[in-house]
Amino acid sequence: MIEAHGLAKRFGDKTAVDGITFSVQPGKVTGFLGPNGAGKSTTMRMIVGLDRPTAGSVRVNGAPYASHKAPLREVGALLEARAVHPRRTAYNHLRALAATHGIGKKRINQVIEQTGLGPVAKKRVGSFSMGMGQRLGIAVALLGDPRTLIFDEPVNGLDPEGVQWVRHLARGLAAEGRTVFISSHLMSEMAVTADHLIVIGRGRILADAPMEQVIAGGGRERSLVRSDDAAALAAAIGSDGVEVRRLAPDQLVVLGLSARGIAEAALSRRILVTELTPQTTSLEDAYMELTHGEVEYESQGIEQGGKETPNHP
Amino acid sequence: MSTATTSKNPPESAPADPTGSGVSFLRVLKSEWIKVTTVPSTVILLAVTVLVMVGLAAGAAWGTVQLANEAADRATQSAPSAGATAEAAPTAVPGAAVPTAVPTEGAGVPTDGAAGDSADDSPGGPPAASSLVREVPSSGVLFGQLLIASLAVVLVASEWGTGMIRSTFSAVPKRTPALLAKNLIIAVVSFIVGAGAAFISFLVARPILGSADLSLSLGDDGVLASILNTGTFLALLAVFSMGIGTLLRNTAGGVVTAIGVIFVLPLVATILQNLGDWISDAARFLPSNAGAQLVMAGTTAEGDLTQLQGGLVLGAWAAVLLITSIVVTKKRDV
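Residues numbered from 1 in each chain as written. Chains lettered and ligands numbered in written order. Predicted model: local features only at pLDDT ≥ 70, side-chain atom pairs only at ≥ 80, totals over all residues.

Visitor: Just give me the short version of the overall build of chain B, but keep the residues and values in it.
Guide: Of the regular secondary structure elements, chain B holds 14 helices and zero strands. Overall, chain B shows an N-to-C arrangement of helices and strands of α-α-α-α-α-α-α-α-α-α-α-α-α-α. Per-residue burial over chain B gives 47% buried out of 334 residues. For chain B, long-range pairs separated by at least 24 residues make up 78% of all intrachain contacts whose partners lie at least 6 apart in sequence. (Helix = DSSP H or I, 4+ residues; strand = E, 2+ residues; numbered from the N terminus. Buried ≥ 20, exposed ≤ 12 C-beta atoms within 10 Å, placed from the backbone. Contact = placed C-beta atoms within 7 Å.)

Visitor: Now, about the overall build of chain A: what can you tell me, with residues and values included?
Guide: Each helix and strand counted, chain A has 11 helices and 13 strands in total. Out of the 313 residues belonging to chain A, those deemed buried represent 46%. Across chain A, contacts joining residues at least 24 apart in sequence account for 68% of those joining residues at least 6 apart.

Visitor: Let's hear about helix α9 (residues 230-237) of chain A: which residues, and what values?
Guide: All names here are of chain A. Residues A230, L233 and I237 constitute the buried set of α9. Down the axis of α9, the smallest arc covering the buried residues is 60 degrees, so these residues share one side. Tucked inside the fold, the buried residues of α9 contact β10 (222-227), β11 (243-248), β12 (251-255) and α10 (259-268). (Arc of directions from axis to C-beta.)

Visitor: Tell me what's going on with helix α2 (residues 25-37) of chain B, and back it up with residues and numbers.
Guide: An ideal rise of 1.5 Å per residue puts 18 Å on 13 residues; α2 of chain B measures up with 18 Å between its terminal C-alpha atoms. Taken together, the buried positions of α2 of chain B are occupied by R27, V28, L29, S31, E32 and K35 of chain B. On its buried side, α2 of chain B packs onto α3 (90-99) of chain A together with α9 (176-210) of chain B. (Expected span 1.5 Å × (residues − 1).)

Visitor: Please provide a residue-by-residue account of the sheet that holds strand β5 (residues 75-78) of chain A, values included.
Guide: Whether parallel or antiparallel, the strands of a sheet pair through hydrogen bonds between backbone atoms. Residues and elements named next belong to chain A. Strand order in this open sheet of six strands is β5-β6-β7-β3-β8-β9, and the pairing throughout is mixed. The sheet is open, and its two edges are formed by β5 and β9 (204-210), each paired on a single side. Strand-to-strand twist in this sheet, taken as the mean axis angle between neighbours without regard to direction, amounts to 15 degrees. Bridge analysis of strand β3 (residues 29-33) against strand β7 (residues 179-184) gives five bridges, and the strand direction is parallel. If you follow F32 over to β7, its bridge partner there is S183. Running over the sheet, helix α5 (residues 130-142) touches β5 and β6 (148-152) and is turned about 170 degrees from β5. (Pairing = 2+ DSSP bridges. Axes fitted to C-alpha atoms, helices over the stretch in contact; angles between N-to-C directions.)

Visitor: How would you summarise unusual backbone geometry if you had to cite specific residues and measurements?
Guide: Residue and element names in this part refer to chain A. We note that E153 has phi near 45 degrees; this positive angle belongs to a residue other than glycine. Note that E153 resides in the loop between β6 and α6 (160-175). For R202, which is not a glycine, the phi torsion comes out positive at approximately 50 degrees. Mapped onto the elements of the fold, R202 is located in the loop between β8 (196-201) and β9. Overall, R202 belongs to the partly exposed group, with 19 C-beta atoms counted inside 10 Å.

Visitor: So, the interface of chain A and chain B: which residues are in play, and what are the values?
Guide: When the parts of a complex come together, some accessible area is lost, and that lost area is often used as the size of the interface. Across the boundary between the two partners, chain A contributes 43 residues, which contact 41 residues of chain B. At the level of elements, α2 (71-74), α3 and α4 (105-114) of chain A are the ones that each hand at least two residues to the side of chain A that touches chain B. A total of five residues in the side of chain A that touches chain B trace back to one element, the largest contributor, which is α3 of chain A.

Visitor: Which residues make up the sheet that holds strand β1 (residues 2-11) of chain A, and what are the values?
Guide: Residues and elements named next belong to chain A. Taken together, three strands build an open sheet; the order of strands is β2-β1-β4 and the sheet is antiparallel. The open sheet has two edge strands with one neighbour each: β2 (14-24) and β4 (55-60). Averaged over all pairs of adjacent strands, the angle between their axes in this sheet comes to 20 degrees, without regard to strand direction. Across five bridges, β1 lies against β4 in antiparallel orientation. When the bridges of β4 are listed, A8 appears paired with A55. Contacting β1, β2 and β4, helix α1 (residues 40-47) runs over the sheet at an angle of about 120 degrees to β1.

Visitor: Explain the packing of helix α3 (residues 40-78) of chain B against α9 of chain B to me, and be specific about the residues and the numbers.
Guide: When two helices pack together, you describe them by how their axes are tilted relative to each other and by the distance separating the axes. All names here are of chain B. Where α3 meets α9, the axes come as close as 8 Å, and the angle between the chain directions of the two elements is 30 degrees. In this structure, α3 meets α9 at a crossing whose hand is right-handed. Residue-level inspection shows L46, T49, V50, M53, V54, A57, A58, A61, W62, T64 and V65 of α3 in contact with α9, the latter providing V189, V193, G196, A197, I200, S201, V204, A205, I208 and L209. Broken down by class, the residue content of the contact of α3 with α9 amounts to 17 nonpolar, four polar and no charged. (Left-handed = near helix turned anticlockwise from the far one by under 90°. Nonpolar A, V, L, I, M, F, W, Y, C, P; charged D, E, K, R; others polar.)

Visitor: Go over the pairing of β9 of chain A, please, and point to the residues and values.
Guide: Residues and elements named next belong to chain A. The sheet contact formed by β8 and β9 spans six bridges and is antiparallel. Bridging across to β9, V199 finds its partner in A207. In this antiparallel pair of consecutive strands, β8 and β9, the connection spans two residues, and R202 shows a positive phi of 50 degrees.

Visitor: Talk me through the environment of S130 of chain B; I want residue IDs and the actual numbers.
Guide: Take S130 of chain B: it is sitting in the loop between α5 (113-119) and α6 (131-134). Sequence spacing of S130 of chain B and D221 of chain B is 91 residues, and the spatial spacing of their C-alpha atoms is 9.3 Å.

Visitor: Kindly report on the environment of L248 of chain B, identifying the contributing residues and their values.
Guide: All names here are of chain B. For L248, the position within the fold is in helix α10 (residues 223-248). In sequence terms L248 and W160 are 88 residues apart; their C-alpha atoms lie 9.6 Å from each other. Those residues in contact with L248, other than ones at most four positions away along the chain, are A157, G253, G254 and T257.

The following block contains the structure:
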């Protein structure tokens, strides 16, 4: 359980995190999605007390991270791939961190086995591939068998097998009742891993909702309709909560009404419908819509985005 | 198998691992000790420090022997006298062999009680060794302080350089215990290295000095204190340097700064001393100058800090850097 309240961080005159309030619930995987530079890593570093908040507070399992007697048993965090001395072996790195909590050899060997580090455990970390470095970071996070796990971009540098392994690990940990908070800028990855999404852009929260809801774009259904008498159809279905956008003289986009509802309205008024396509918004579409205008380093000169999508606040 | 083990633990309940629970200072100490011993360069640097210190002391012993022999030759030419060799050496060429030697040292000018003691004691034995001889075991400290200061900076600054500090402070988010443990370990290790190297130097120097009938024993005035204080000097200097490394968080910058304060500032003070008395007065309070008084085994020159005062001044430097580095680090983002 993570609870942030008015959490803010400024570096000089640059605001990285702009007073965000959210909570991450146990028993599910919560994705923390946002473009690069949106404030994901800063938020995660503040959760474990590495960055001092400029304002607001954040509690983990009911208390600020630093006030826990056994922090590693409360929260396990993979924050950066390399938070390791390159000339120390993976085993000794784990041993040094385990020692602070009196965690024994048995548990060290368990996490080494669990993360597949066995063959390289006695090698210097400096010789590790990025994927192995990520696995070591995850091993550290698991060391204290914590109730809450924080993974910052865990699939970075992992091969497809590793990506799948992280996905299963995260889902497994959540199924055990733990709080799992994973950041990513990859929408596709979150779509298959997370149950709940917190979307962040320029330090502000753009969405905080269950995955299906974010994909559905706030619960509104969306259909593409083609009809020779589009104007009449638009008038027929236009009502409260239904939005009709006219794309072409014979083409409509209908939001907030099921395909069946549209078909029934057309039938009752004897309007010929030549196409009726329910559209499932992909997470990617939803994400683009949400973060449009919130991307810090938007590529210039590409004029295609934003013509149709209204700007979200 | 491990997955199965973790899944049995109800996450809402207390910590699953029955062996040990929370962070304690002893555990942090153990963790820091593991860190020191598991980076090979640290261990190598410590071994090199001992070797270099002993080597320097052996050289100093050899130089003292040469000096004594020259003095003896001169003495036989003017007035042959059997037991005068030991005392003659420093009187003849004060401070020439060992850089730390106090220039005013000499049997003929007892400035206080301590100097009087050194003139004649050691019941039934040969004449007491001069302070030059008695300071031979600690003479390696000149170079030892360079290595220990660098090591202290590297130990802490490399944590920032490599990102390890984020792991360290994630495990010990209160931060102070981790920094205190680091300082305690570098202090104890430096003490053992310093005092150990000085004692080995003592053992190595004895036969060398003996070849010129110069005697050196632990019972000689100030010898044991000088050997032990070689450790004290390095321990305090290590804490001082670790403070610099913690504040700067950069290995190269930290080493340069520490070496600058320890070696270059005293030199600058010496060069500029003619500009005013206050410069040499102030220079006495520089960490390395104050610390050098700790390993003295003879008279204190007029105006110099005493052994105790020197130790207290260096201790104050170390304490200020330690406290500042902790206060600053607690506020910082890592």
